[in-house]
Amino acid sequence: MPLAEPWDEDRVRDGEPLCEPAVEARDTSAQFGAVTVARRSFEPQRLWRAEEHPEEPELEETCQLLVPLAGSLQVIWADGHATSGVGDLLVHDMTRVLAARFRAPRQGPRFEAAMVTVPRSLVSLPTHQVDAMLGSRMSATDGIGALLASFITGLAEDQGAYRPADGARLGMVVLDLVSALLAHAIETSPVVPPSNREALILRVQAFVHEHLRDPDLGPRALAAEHHISTSYLHRLFQKEGSTVGGYIRAQRLDRARRDLADPALREVPIHSIAARWGFSHAADFSRAFRRAYGVSPRDFRREAVHTAPR
């Protein structure tokens, strides 16, 4: 969809003034665990410039997924640009945006969008793969993109319908959908085609996530499931800077940590949560948890329950 005025990337990069920064008409946001969901509206045909807005340190090491609800926008980075409208889902890093311009729909005064900001460290993909997808425009009308867009929009539009205790659980759903969408996009994108090795590691990681509760999940089972040797499986993970056992253990610990922080599960014994996520021995779980998070499972739960909103 063309803009009413030409988009001059060189003028933006050179810092030449173009027009006044956008004015946000309404800005609603809510925290769902580690993710932030918001709905925003911008005046059309005005340029938002990064240099004219204060830096937001909390956006460092995050990525944002934006779902236009009305109108369209153009975003420019130092190394590229993208146009996005209704039916799209745009993945980007807000700290890298130089400028953005908005266009209102034919019927309506403003550009509107729902968006979610997630910590990159909680996306279950290697950092370089997440970086490769920044600036990508995906479909918000089918597949995983449609599920994620619908979920984000619902959270943004009806934030008051959820109890404080729901926040962490809903945030984890968002993180899982974001990870699934990016993994799917990496495997299928013609712009960033994965190597055979990257595609295989993604399939192995997805299988791990689906079978974390199985105490027998390990290198041999994974290798047999994917028709490769255990030695090749170990080399795959070594190139990712990890080990097979270390990756499985980290995912299990993360799921156990979520359960320990869930107020709805505060009466479930710690050893039951450990067993649920594949830890056969409570003592082994306790040691691994302390190494990973610097605190015992019992102390972590006590602090999480004490600070949880009521």
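For the structure itself, look to the data block above.
Definitions and cut-offs
- Residues numbered from 1 in each chain as written.
- Predicted model: local features only at pLDDT ≥ 70, side-chain atom pairs only at ≥ 80, totals over all residues.
- Heavy atoms only, no water.
- Axes fitted to C-alpha atoms, helices over the stretch in contact; angles between N-to-C directions.
- Helix = DSSP H or I, 4+ residues; strand = E, 2+ residues; numbered from the N terminus.
- Parallel < 35°, antiparallel > 145°, perpendicular 65-115°, else oblique.
- Contact = heavy atoms within 4.5 Å.
- Pairing = 2+ DSSP bridges.
- Buried < 20%, exposed > 50% of the residue type's maximum accessible area, 1.4 Å probe, protein only.
- Core = buried A, V, L, I, M, F, W, Y, C linked by side-chain atoms within 4.5 Å.

A. Highlighting the packing of helix H8 (residues 244-261) against helix H10 (residues 282-293). At a closest axis distance of 11 Å, the pairing of H8 and H10 adopts a crossing angle of 90°. One way to sum up the angle between H8 and H10 is to call them roughly perpendicular. On the side of H8, the interface is formed by Arg 249, Leu 253, Asp 254, Ala 256, Arg 257 and Leu 260, while H10 contributes Phe 285, Ala 288, Phe 289, Ala 292 and Tyr 293.

B. Geometry of the sheet that holds strand E5 (residues 72-77). One open sheet holds the four strands; their spatial order is E3-E8-E5-E6, and the pairing between them is antiparallel. Two strands bound the open sheet, and with one partner strand each, they are strand E3 (47-49) and strand E6 (80-85). Going across the sheet, the axis of each strand differs from the next one's by a mean of 15°, ignoring polarity. The pairing of E5 with E6 spans six bridges and is classified as antiparallel.

C. Representation of the pairing of strand E4 (residues 62-70) in the model. Buried residues dominate E4, accounting for eight of its nine residues. When E4 meets strand E7 (residues 88-92), the two strands line up antiparallel, connected through three bridges. Bridging from a neighbouring strand, Leu 65 pairs with Val 91 of E7.

D. The nonpolar core, seen in detail. Counting residues in hydrophobic clusters, the biggest one holds 35 residues, and the most contacted among them are Leu 89, Val 118 and Leu 182. The set of elements that each furnish at least two residues to this core consists of strand E1 (24-32), strand E2 (35-42), E4, E7, strand E9 (111-119), helix H2 (127-133), helix H3 (143-157) and helix H4 (166-188). For this core, the element with the most residues is H4, which contributes ten residues. Residues contacting Leu 182, with those up to four places away along its chain left out, are Val 91, Val 123, Leu 125, Val 130, Met 133 and Met 138. Formed by 28 residues, the second largest nonpolar core is a distinct cluster that contains Val 204, Leu 212, Ala 223 and Ile 270.

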